[in-house]
Amino acid sequence: MNSARAALILATFLGGLVSGVVIYAVTDRGTDANPYASLPRAAEPAVTADVARAIQSDDAGALANQLDMEVLQQLQTAIEPLADIRSMKFVGAVEKSGRVLSAYVAGGRTSDGTDVLVGFVLNVTGDQIVGVN
């Protein structure tokens, strides 16, 4: 009697599991289409590559020559927790209507020695950086 009861419980469990999988497979509609159009990828702009090299090499003079004061302050705010930048990686860029957004990840240490990664986006219009996000 105990083995018959155990078999019935196991069969009920397996039947429920199989029927659940079948019902899910029949009723699943898949993933919804993305309602937002993606932007076309662009190559790394030369002006942002120069800024990234200047940041990594800690060249304040080159940054001052390439960026105006407002953009420099935005950049400082964007990478604020970093006191020592050790790496700079270009992540990607997108373009629309002459405006290019170029994304970077900076790695380094904070003033207390903690290793962190900070991401920021340089906004390029024409051949000039006009903002940092």
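Residues numbered from 1 in each chain as written. Predicted model: local features only at pLDDT ≥ 70, side-chain atom pairs only at ≥ 80, totals over all residues. Heavy atoms only, no water.

Asker: Which residues make up the nonpolar core, and what values go with them?
Answerer: Among the nonpolar cores identified, the biggest contains 25 residues, and Ile55, Met88, Phe120 and Ile129 are the most heavily contacted of them. Breaking this core down by element, the ones donating at least two residues are α2 (46–56), α3 (60–66), α4 (69–78), β2 (84–96), β3 (99–109), β4 (115–125) and β5 (128–132). Per element, the largest residue contribution to this core is five residues, and it comes from α2. Those residues in contact with Met88 that lie beyond four places of it in its chain are Ala52, Ile55, Gln56, Tyr104, Val105, Ala106 and Phe120. (Core = buried A, V, L, I, M, F, W, Y, C linked by side-chain atoms within 4.5 Å. Buried < 20%, exposed > 50% of the residue type's maximum accessible area, 1.4 Å probe, protein only. Helix = DSSP H or I, 4+ residues; strand = E, 2+ residues; numbered from the N terminus. Contact = heavy atoms within 4.5 Å.)

Asker: Pulling in residues and values, what's your account of the environment of Thr77?
Answerer: Within the fold, Thr77 resides in helix α4. Given a relative accessible area of 53%, Thr77 falls into the exposed group. Sequence separation of Thr77 and Val132 is 55 residues, and the distance between their C-alpha atoms is 9.0 Å.

Asker: Can you lay out the side chain of Asn123 for me, pointing to particular residues and giving the numbers?
Answerer: In this structure, Asn123 sits in strand β4. The class for Asn123 is buried, based on a relative accessible area of 12%. Separated by 3.3 Å, the side chains of Asn123 and Arg99 make a polar contact. In this view, Asn123 contacts Arg99, Val100, Leu101, Gln128, Ile129, Val130 and Gly131; residues no more than four positions away in its chain are not counted. (Polar contact = N/O pair within 3.5 Å; in protein donor to acceptor, adjacent residues only side chain to side chain.)

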